[in-house]
Amino acid sequence: MANNILQGKRGIIFGALNEQSIAWKVALRAHEEGAKFVLSNAPIAMRMGEINDLAAITGSQVVPADASSVEDLDNLVEQSMEILGGKIDFVLHSIGMSPNVRKGKHYTESDYKFYQQTMDVSAISLHKTLASLYKKEALNEWASVVALTYIAAQRIFPDYNDMADAKSLLESITRSFGYHYGIKNKVRVNTISQSPTPTTAGQGVKGFAEFINFSEQMSPLGNAPATACADYCIAMFSDLTRYVTMQNLFHDGGFSNTGVTRNVIDMFGEK
Ligand SMILES: NC(=O)c1ccc[n+]([C@@H]2O[C@H](COP(=O)([O-])OP(=O)(O)OC[C@H]3O[C@@H](n4cnc5c(N)ncnc54)[C@H](O)[C@@H]3O)[C@@H](O)[C@H]2O)c1
């Protein structure tokens, strides 16, 4: 169902690793809606090569950038404006990585070098991206920047580990930069807090298989799939949501406002 609601818009989409990636689905939907965009990912992720398939399907170019490198981001912003022929209207930040999670470190025994990498790649990268766009005056008025987050920023989900701290910081950067960019150029910045989703990053979290089932039972509408998340991102990039900024928007089938569901209570049986 395409309505051309992104016709004439130019974007940058970070984080499409493979077909499961949320960013991959966003790129397909943005293409359907008439947008032109540049795809970016860490140079190391390019080795898999799958992003080139997505570039071919969507008629996009790929510009590698390590999202923790200001130099790479500056280059990406400049190249994107050149390739797309003008200033940018939307950006998707769909980036997450925790060496502590990867190496199975318990939260209470975090490796602090890893911890800093988690913050840098998963959260400060949003600040660096926005700062690069800001100093190069690369965003049009009413441009929309969306970063993906998870409810562990507000509530404890023990196995989410230091990614929870990174998501809290990501959401705070969204509010702070959203203020400054709104004043400067009417640019909006929001996070979408997505249900657990079976992707490479999602499945890296310990106990993911059990957890996604729990979340399904705790959400009145069920878990939101990646394709629905892509639809929400497209709505946020469009002109139909122009006065939404500095928000954390839950896209989770109602999970965030649910104390308990009948299905979950029934699992505990009668005393
Ligand atoms: N999958 C879930 O359950 C879930 C739920 C809520 C939010 N999210 C968030 O959605 C976003 C996308 O994740 P996904 O689930 O699609 O998984 P994914 O593994 O497909 O995407 C994560 C991306 O981050 C990229 N990345 C890692 N380090 C990078 C770096 N240094 N520079 C640039 N890119 C780098 C990876 O290459 C990958 O493309 C992440 O922010 C994640 O935390 C995921």
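Structure: above.
As a starting point, this report considers the structure included with it. (Residues numbered from 1 in each chain as written. Predicted model: local features only at pLDDT ≥ 70, side-chain atom pairs only at ≥ 80, totals over all residues.)

Section: the overall build of the protein
- When helices and strands are tallied, the protein shows 11 helices and seven strands.
- Counting over 271 residues, the protein shows a buried share of 44%.
- Sequence separation of 24 or more characterises 73% of the internal contacts of the protein that already satisfy a separation of 6 or more. (Helix = DSSP H or I, 4+ residues; strand = E, 2+ residues; numbered from the N terminus. Buried ≥ 20, exposed ≤ 12 C-beta atoms within 10 Å, placed from the backbone. Contact = placed C-beta atoms within 7 Å.)

Things to note about helix H4 (residues 70–84)
- An ideal rise of 1.5 Å per residue puts 21 Å on 15 residues; H4 measures up with 21 Å between its terminal C-alpha atoms.
- Three or more residues of H4 are buried, namely Leu 73, Leu 76, Val 77, Ser 80 and Leu 84. Mapping the buried residues of H4 onto a view down its axis gives an arc of 95 degrees, with all of them on the same face. What points out from H4, more than 90 degrees from its buried face, is the exposed set Glu 71 and Glu 82.
- The inward-facing, buried residues of H4 contact strand S1 (10–14), strand S2 (36–40), strand S4 (88–93) and helix H6 (112–135).
- Count one or two residues on from H4 and you reach Gly 85, which has phi positive near 80 degrees. (Expected span 1.5 Å × (residues − 1). Arc of directions from axis to C-beta.)

Things to note about the pairing of strand S6 (residues 188–194)
- Most of S6 is tucked away: seven of the seven residues are buried.
- Residues of S6 alternate between two faces, with Arg 188, Asn 190, Ile 192 and Gln 194 on one and Val 189, Thr 191 and Ser 193 on the opposite face, all of them buried.
- With six bridges connecting them, strand S5 (residues 139–149) and S6 associate as parallel partners. Its bridge partner lying in S6, Ala 147 is registered against Thr 191.
- In this fold, the crossover linking S5 to S6 by way of helix H7 (residues 163–185) has right-handed handedness.
- Sheet topology note: the S6/strand S7 (residues 248–251) ladder contains four bridges and is parallel. In the sheet register, Ser 193 faces S7, and the bridge partner there is Phe 250. (Pairing = 2+ DSSP bridges. Right-handed = clockwise from strand over helix to strand, strands pointing away.)

Quick notes on the environment of Ile 88
- Structurally, Ile 88 is set in strand S4.
- It is 5.9 Å that separates the C-alpha atoms of Ile 88 and Asn 140, two residues lying 52 residues apart in sequence.
- Among residues more than four places away in sequence, those in contact with Ile 88 are Arg 10, Gly 11, Ile 12, Ser 80, Met 81, Leu 133, Ala 138, Leu 139, Asn 140 and Ala 143.

Just geometry here; none of it tells us what the structure is for.
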